[in-house]
Amino acid sequence: MTKLLSFEPPILMVAPGTTVTWRVGDAIDHTVTTGSFTVGGDGLRTAENPDGTLDMPLTKDHPASHTFTTPGTYRYYCSIHKGMNGEIDVTP
């Protein structure tokens, strides 16, 4: 079951060279913004620090895609909705 206002899956493991595509499953605009963030006890972000790697709009009619070539952990969030957080783990 998909939780409203969430990235599904919340953690995705991929190999280098994989293209990840985010699609909107509701009628609300979102973003895919990479960076560090802090989550409070209520599950909502209390602080965020974008790193400039990704900051893409995400709408019902326009999915967002990115090819991950460098191994590492990429934490991301929706800059509009404080409860939408995710992670891409790129491992060889």
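Anything mentioned here points back to the structure above.
Counting starts from 1 at the beginning of each chain's written sequence and moves along it residue by residue. Reporting in this predicted model follows two pLDDT cut-offs: at least 70 for local features of residues, and 80 or more for side-chain atom pairs to be given and counted; totals over whole chains, interfaces and linings ignore these cut-offs and use all residues. Note that the side-chain values use all heavy atoms of the structure and ignore hydrogens as well as water.

Student: Any details on unusual backbone geometry? Residues and values, ideally.
Tutor: A cis geometry characterises the amide bond from E8 onward to P9, with omega recorded as -5°. Numbering of helices and strands runs from the N terminus; a helix is a DSSP stretch of H or I covering at least four residues, while a strand is a stretch of E covering at least two. Within the secondary structure, P9 sits in the segment before strand 1 (11-14).

Student: Give a description of the nonpolar core that names residues and reports values.
Tutor: To define a nonpolar core, start from buried Ala, Val, Leu, Ile, Met, Phe, Trp, Tyr and Cys residues and group those joined through side-chain atoms within 4.5 Å. Each residue gets one of three labels from its accessible area relative to the maximum for its type: buried under 20%, exposed over 50%, partly exposed in between, using a 1.4 Å probe on protein chains only. Counting 17 residues, the largest nonpolar core has F7, W22, V32, L58, F68 and I88 as its most contacted members. A per-element tally of this core places strand 4 (residues 45-58) first, with three residues.

Student: Kindly report on the environment of G83, identifying the contributing residues and their values.
Tutor: Mapping G83 onto the fold places it in the loop between strand 6 (72-77) and strand 7 (85-90). Sequence-wise, G83 and T59 are 24 residues apart; in three dimensions their C-alpha atoms are separated by 17 Å. Sequence-distant contacts of G83, that is, excluding residues within four places in its chain, are made with L5, G43, L44 and R45. In what follows, a contact means two residues having at least one pair of non-hydrogen atoms within 4.5 Å.

Student: Describe the sheet that holds strand 7, and please don't skip the residues or the numbers.
Tutor: Each pair of strands is called paired provided DSSP finds at least two bridges between the two strands. Pairing in this open sheet of five strands is mixed, and the strands run 1-7-6-3-4 from one edge to the other. The strands lining the two open edges of the sheet, one partner per strand, are strand 1 and strand 4. Here the strands of the sheet are splayed against their neighbours by 35° on average, with no regard to which way each runs. Two strands pair when backbone bridges link them, and strand 3 (residues 30-39) and strand 4 are joined in this way by nine bridges, in the antiparallel orientation. Following the sheet pairing, V32 is matched in strand 4 by M56. Lines are fitted to the C-alpha atoms to define the axes, a helix being fitted only along its stretch in contact, and any angle between axes, read from their N-to-C directions, falls within 0 to 180 degrees.

Student: Let's hear about the side chain of D89: which residues, and what values?
Tutor: On the secondary structure map, D89 appears in strand 7. Only four residue types enter the tally: Lys and Arg on the positive side, Asp and Glu on the negative side, with His and both chain ends excluded. The salt bridge definition used is simple: a Lys or Arg side-chain nitrogen within 4 Å of an Asp or Glu carboxyl oxygen. For the buried residue D89, which engages in no salt bridge, the nearest side chain bearing the opposite charge is R75, 8.3 Å off. With sequence-adjacent residues up to four places away left out, D89 is seen in contact with I11, L12, M13, V14, G72 and T73.

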